Amino acid sequence: MPMSAVPHVSSGGIIATYGAYLPRVGPAAVVTLREGGTPLIEARAVSEAVREAEAAAQTETTGAVGPAEALEAVESSGRPRGSGTLRSPAGAGTSGTPGLRVYLKYEGLNPTGSFKDRGMAYAVSRAREAGYRVAVCASTGNTSASAAAYCARAGIRSVVVIPEAAIAAGKLAQAVAHGAVVVAVRGNFDQALAVVRDLVSRHRIALLNSLNPDRIEGQKTAAFEVCDQLGGRAPDYLAIPVGNAGNITAYWKGFCEYRERGKVTSVPRMLGFQAAGAAPIVEGRPIERPQTIATAIRIGNPASWKGAVAARDESGGVIDSVTDDEILNACRLLAAREGVLVEPASAASVAGVLKLARQGYFRGQRGATVVCVLTGHGLKDPDAMMRLGSSPIVAEADTASVEAALAAAGTPLD
Ligand code: F0G
């Protein structure tokens with residue numbers, strides 16, 4: 001399918017669209033803000049950057065091989081290899097061969113600005129059906145924003161526990177505005193989650209973290225949507241940021257179920273990316289004091305660790321880390337070249353694909369489809385967005401001053 005012809009999946013909400021794939025919830029209990037139906041966007045600039053990264057890798061290390069496992073997989077998968085003469089719809093790149101086709105699944109366009117709304121719609125609907133009056137979650141920001149909104153709509157009181165001074169301004173503002181009771185603990189996300197687990201064991205309150213399987217159920221619909229938008233086929237690779245690891249677990253569940261139901265014939269390799277200062281799965285040990293500019297994925301001991309490892313191993317994929325610089329560069333590429341604004345954590349998927357391309361990981365995979373999941377909107381984190389470009393130029397309020405200021409800044413108008 002040409003890249004320009006990606007259909008938009010209309011959504012009356014994930015339960016209306018994919019209810020047949022979810023344990024039943026009574027219509028009267030359904031809470032929805034018409035989440036889901038987010039666009040799958042062709043990414044020419046990212047595709048081009050991947051080609052450049054691969055070309056650079058090739059010149060630097062002529063004859064070098066990618067990860068042995070990946071190469072072996074290419075040999076055995078029988079996926080088409082490019083002849084070097086085909087032209088990709090994205091146009092020939094610097095290397096003169098068609099590269100990967102990169103698409104962006106822009107989950108930041110969900111009602112509260114992050115992917116969390118899918119799982120939250122379903123989990124809050126189930127909590128409402130079960131008669132819960134209070135719900136709780138720990139969060140690096142997006143879960144709390146989504147929980148607060150869906151609980152507000154459901155008439156359930158929400159309590160959110162966040163790490164103090166460690167969540168982006170927009171997310172905190174959302175939780176506050178939707179009327180959540182916000183508790184900022186002097187500790188990190190992992191400690192906040194431990195408190196929340198304890199709270200739900202002591203009181204009859206609904207848990208809205210992805211430890212609640214209902215969150216994973218609702219979230220898996222994103223994988224269905226990606227396949228539907230690609231015209232009934234799974235991508236070859238799915239790149240995704242990893243924090244608490246619920247999302248990668250849910251996507252993998254969704255892809256596997258769609259294959260079982262005969263909706264697709266293959267499943268993607270799962271490529272998960274943690275921030276380098278918060279990469280417990282990559283390092284194989286919990287990180288006590290995780291650090292990264294991508295506050296959403298500043299997590300040292302993911303609750304769904306096993307799910308992430310299973311997704312990686314069962315799909316023949318990779319979980320790797322990306323540095324804060326790589327994350328910010330990917331964020332800037334998306335904002336300045338694709339016109340797509342995402343918060344730093346989201347850009348880990350694109351940063352990771354570029355890193356693997358530089359290592360020659362995709363060699364031989366010409367024309368393969370990569371979907372990068374962009375988990376949260378850039379407006380969530382205005383401080384981080386300001387770091388992507390230059391600060392405003394201040395000038396007097398007359399034309400000559402503005403022209404002079406632009407000339408001084410090296411921006412001629414003719
Ligand atoms: N991207 C964003 C924007 C996130 O908010 C999160 C997680 C992730 C990626 C990672 O997803 O945890 O399923 O592996 N945010 C959670 C929260 C932890 O509390 O909002 P994950």
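On a predicted model such as this, the values are computed, not experimentally measured, just so you know.

Hey, could you run me through the pairing of strand S2 (residues 101-106) in this one?
Looking down a regular strand, the side chains alternate between one sheet face and the other. Taken across its six residues, S2 has six buried, putting it largely inside the fold. Going residue by residue along S2, you find Arg101, Tyr103 and Lys105 tucked away on one face and Val102, Leu104 and Tyr106 tucked away on the opposite face as well. Pairing of strand S1 (residues 40-42) with S2 involves three bridges; the strand directions are antiparallel. Its bridge partner lying in S2, leucine 40 is registered against lysine 105.

Any chance you could explain the sheet that holds strand S6 (residues 206-207) here in plain terms?
Within a sheet, each strand pairs with its neighbour through backbone hydrogen bonds, oriented either parallel or antiparallel. Strand order in the open sheet made by the four strands is S5-S4-S3-S6, with parallel pairing throughout. A strand with exactly one partner marks an edge of an open sheet, and here the two such strands are strand S5 (181-185) and S6. Strand direction decides the pairing type here: strand S3 (residues 134-138) and S6, joined by two bridges, are parallel. Across the sheet, the residue bridging to alanine 135 is alanine 206, located in S6. The strands touched by helix H5 (residues 142-154) within the sheet are S3 and strand S4 (157-163), with S4 carrying the most contacts at an inclination of about 170°.

Any chance you could explain the nonpolar core here in plain terms?
Across soluble globular proteins, you tend to see nonpolar side chains buried next to one another. With 119 residues, the main nonpolar core has Ala239, Ile327, Ala348, Val350, Val353 and Cys372 as its most contacted residues. Here this core gets nine residues from one element, more than from any other, and that element is helix H14 (residues 344-358). Every residue in contact with cysteine 372, bar those within four places of it in the chain, is listed here: Val102, Leu104, Ala239, Ser349, Val350 and Val353.

What is the right way to read the site of the ligand from this model?
Taken together, the neighbourhood of the ligand is formed by 21 residues, with Ser139, Gly243, Asn244, Thr375 and Gly376 sitting nearest. Partitioning the shell around the ligand into residue classes produces six nonpolar, 14 polar and one charged.

Conventions and cut-offs
Residues numbered from 1 in each chain as written. Predicted model: local features only at pLDDT ≥ 70, side-chain atom pairs only at ≥ 80, totals over all residues. Buried ≥ 20, exposed ≤ 12 C-beta atoms within 10 Å, placed from the backbone. Helix = DSSP H or I, 4+ residues; strand = E, 2+ residues; numbered from the N terminus. Pairing = 2+ DSSP bridges. Contact = placed C-beta atoms within 7 Å. Axes fitted to C-alpha atoms, helices over the stretch in contact; angles between N-to-C directions. Core = buried A, V, L, I, M, F, W, Y, C linked by C-beta atoms within 7 Å. Near = placed C-beta within 6 Å. Nonpolar A, V, L, I, M, F, W, Y, C, P; charged D, E, K, R; others polar.

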